[in-house]
Amino acid sequence: MTDMPKTTLHLQGREQRPLIAIDDFWSDPDALREDAASLRMTAIGPHYPGVRAEVPPRLAETMRRRIAPLLAKHFGLDPAPAVSEAYYSLVTTAPTDLAPIQRLPHFDGVEQRRIAVLLFLGHGEQGGTAFYRQRSTGFESVDASRLDPFKTALEAGVQAHGMPEASYIAGDTPLYECVAVQPARFNRALVYAGNTLHCAYLPPEVVLNSDPLAGRLTLNLFLFDD
């Protein structure tokens, strides 16, 4: 791999949480697309609105090492956390079929050493990733000390406003305010703390397709250790 090009640091929202956008991240993104298309993708867990297949461990580790200097510089994580999970992911669930939990922003975990890496591998209009603030608490991230008040506020908000209609979030809602949208671009990677509130940004013009070579394909790398 060559030196990492076009790296941009964004400090998002009131909390000024770092997000790194890296364009032209991988030297051969089409090989990743072909790899994903060769695998059997299935539903994994209740949260992701589509299907996934595991990324080869050696590939995931190479990517972790590639971003390690950025994690040390911008997140204070040195050494970089280990790979905990890595998937090719393809959004396939129609908006009307979304489960209630899939209609809300989420966080990957409350731990400080949890990092998410999202690599966009689709062509055409792909939306992006949006980041949110819980209106009643002002939280843009959820650590262990915030978990209980976050849950309490969410339950109260749902009781007051009801669950969102079956659709992908694409902006402000009664419970959440959108603080940033990072647009998808082919071979662009986003690196951010896993405890930030976020959700796929999928406005209506994004067409879902069950073919990995035609749909909203991403590579998701999750880093975490104790």
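Residues numbered from 1 in each chain as written. Predicted model: local features only at pLDDT ≥ 70, side-chain atom pairs only at ≥ 80, totals over all residues. Heavy atoms only, no water.

K.L.:
An account of the pairing of strand β2 (residues 17-22) is requested, with residue identities and associated values reported.
P.N.:
Buried residues dominate β2, accounting for six of its six residues. Burial along β2 is two-sided: the residues R17, L19 and A21 and P18, I20 and I22 are all buried. Counted between consecutive antiparallel strands, the loop separating strand β1 (residues 7-12) from β2 contains four residues, among which G13 sits at a positive phi close to 65°. Of the strand pairs in this sheet, β2 and strand β8 (residues 189-193) are connected by four bridges, and their pairing is antiparallel. Note that in β8 the partner of I20 across the bridge is V191. (Buried < 20%, exposed > 50% of the residue type's maximum accessible area, 1.4 Å probe, protein only. Helix = DSSP H or I, 4+ residues; strand = E, 2+ residues; numbered from the N terminus. Pairing = 2+ DSSP bridges.)

K.L.:
Lay out the packing of aromatic side chains with the relevant residues and their values.
P.N.:
For the structure on display, the rule yields four aromatic pairs. Ring centres of F107 and F150 lie 5.5 Å apart, and the angle between their planes is 80°; on these two criteria the pair is classed as edge-to-face. With F107 in the loop between β4 (83-91) and β5 (114-120) and F150 in helix α3 (residues 147-161), this pair connects stretches of sequence that are 43 residues apart. When its relative accessible area of 5% is taken as the criterion, F150 is described as buried. Over the aromatic face of F25 sits the side chain of R66, whose NZ or CZ is 5.4 Å from the ring centroid. (Phe/Tyr/Trp six-rings, centres within 6.5 Å; stacked < 30°, edge-to-face > 60°. Lys NZ or Arg CZ within 6 Å of the ring centre and 35° of its normal.)

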